[in-house]
Amino acid sequence: GAGAGADYDGTLIKLAGITAPPTIDDLPGLTFVNAAPVVDGVGQSSGALGFDGVDDQVVITNSANVIPGGASFTVETWIKPDAALTPWAGIISNKPTTAGEYGDGINILFRADLTLRTDIGWGSGYGTAEAPAVDLLDGQWHHVAVVYDHAALTFTTYVDGQAGTPLDMPAAYVGNTNDLRFGND
């Protein structure tokens with residue numbers, strides 16, 4: 001639960017004002033879709049969520065509360081995909097749900113060739129920050145982070161500490177109020 005003191009830097013997002021890993025019940029607006037199972041724990045930092053890559057997802061309503069516009073941010077997660085991974089399976093996204101529309105959202109997903117793709121939108125367009133070449137299907141856990149630098153207008157993808165090619169953005173990420181989805185894109 002929430003408490004006073006230093007911020008807890010969680011696996012997925014930095015949770016301001018929380019000093020210990022939150023439980024699922026501590027996260028308002030959280031919805032499980034198609035029963036994304038909790039694996040090896042109860043949804044806290046000691047556990048992981050397992051997704052089928054087809055239709056499972058966890059949704060946090062109003063992503064402006066999590067990934068605000070007008071400021072730098074980092075979104076990070078641990079992934080361990082397997083050979084059954086569905087091409088174009090989503091990992092984390094707050095992009096609009098209309099097909100082909102990116103607006104001011106971010107999108108972390110697997111391409112058709114099962115390599116990592118990270119996108120960011122700035123309202124009038126979007127671009128892709130190329131991820132480093134890392135074998136994600138090696139049966140190991142991989143740390144993935146995307147970093148938006150508001151002052152420099154860059155978006156960079158990191159896998160296991162290796163930086164990919166940063167995207168130089170022509171305009172700033174301004175945020176949105178779309179749902180933040182973990183799992184299915």
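Residues numbered from 1 in each chain as written. Predicted model: local features only at pLDDT ≥ 70, side-chain atom pairs only at ≥ 80, totals over all residues. Heavy atoms only, no water.

**Quick look at the overall build of the protein chain**
Of regular secondary structure, the protein chain possesses zero helices and 16 strands. Considering only intrachain contacts with a sequence separation of at least 6, the fraction spanning at least 24 residues in the protein chain is 54%. Of the accessible surface of the protein chain, which amounts to about 8900 Å², a share of 53% is contributed by carbon and sulfur atoms. (Helix = DSSP H or I, 4+ residues; strand = E, 2+ residues; numbered from the N terminus. Contact = heavy atoms within 4.5 Å. Areas by Shrake-Rupley, 256 points an atom, 1.4 Å probe, with all protein chains shown as cover.)

**Side note on the confidence of the model for the protein chain**
Chain-level statistics for the protein chain give a pLDDT mean of 74 and a share of 67% at 70 or above. Averaged pLDDT values over the elements of the protein chain bottom out at 38 in strand β1 (residues 8–9) and peak at 96 in strand β15 (residues 167–168). Counted against residues more than four places away or in other chains, residues 1–16, with its pLDDT under 50, gives 39 contacts. (pLDDT = per-residue confidence, 0-100.)

**Considerations on the nonpolar core**
Generally speaking, nonpolar side chains in soluble globular proteins are found buried as a group. If you look at the biggest cluster of nonpolar residues, it comprises 29 residues, and the most contacted ones within it are I120 and F155. Elements that contribute at least two residues to this core include exactly β6 (57–60), β7 (73–79), β8 (90–93), β9 (106–110), β10 (116–121), β12 (142–149), β13 (154–159) and β16 (180–183). Setting aside residues up to four positions removed in sequence, F155 forms contacts with I106, T118, D119, I120, A129, V146, V147, Y148, P166, L167 and M169. (Core = buried A, V, L, I, M, F, W, Y, C linked by side-chain atoms within 4.5 Å. Buried < 20%, exposed > 50% of the residue type's maximum accessible area, 1.4 Å probe, protein only.)

**Some words on the pattern of salt bridges**
Applying the stated criterion to the full structure yields two salt bridges. One salt bridge connects R111 with E130, and the closest N-O pair in it is separated by 3.2 Å. In this pair, R111 sits in the loop between β9 and β10 while E130 sits in strand β11 (residues 126–130), placing the two residues 19 residues apart along the sequence. Judged by its relative accessible area of 36%, E130 falls in the partly exposed class. (Salt bridge = Lys/Arg side-chain N within 4 Å of Asp/Glu carboxyl O.)

**Let's talk about the environment of G164**
Its location among the elements puts G164 in the loop between β14 (162–163) and β15. For G164, a relative accessible area of 12% corresponds to the buried category. Along the backbone, G164 and V146 are 18 residues apart, and their C-alpha atoms lie at a distance of 9.8 Å. Beyond its immediate stretch of four places on either side in the chain, G164 contacts E130, A131, P132, T156 and T157.

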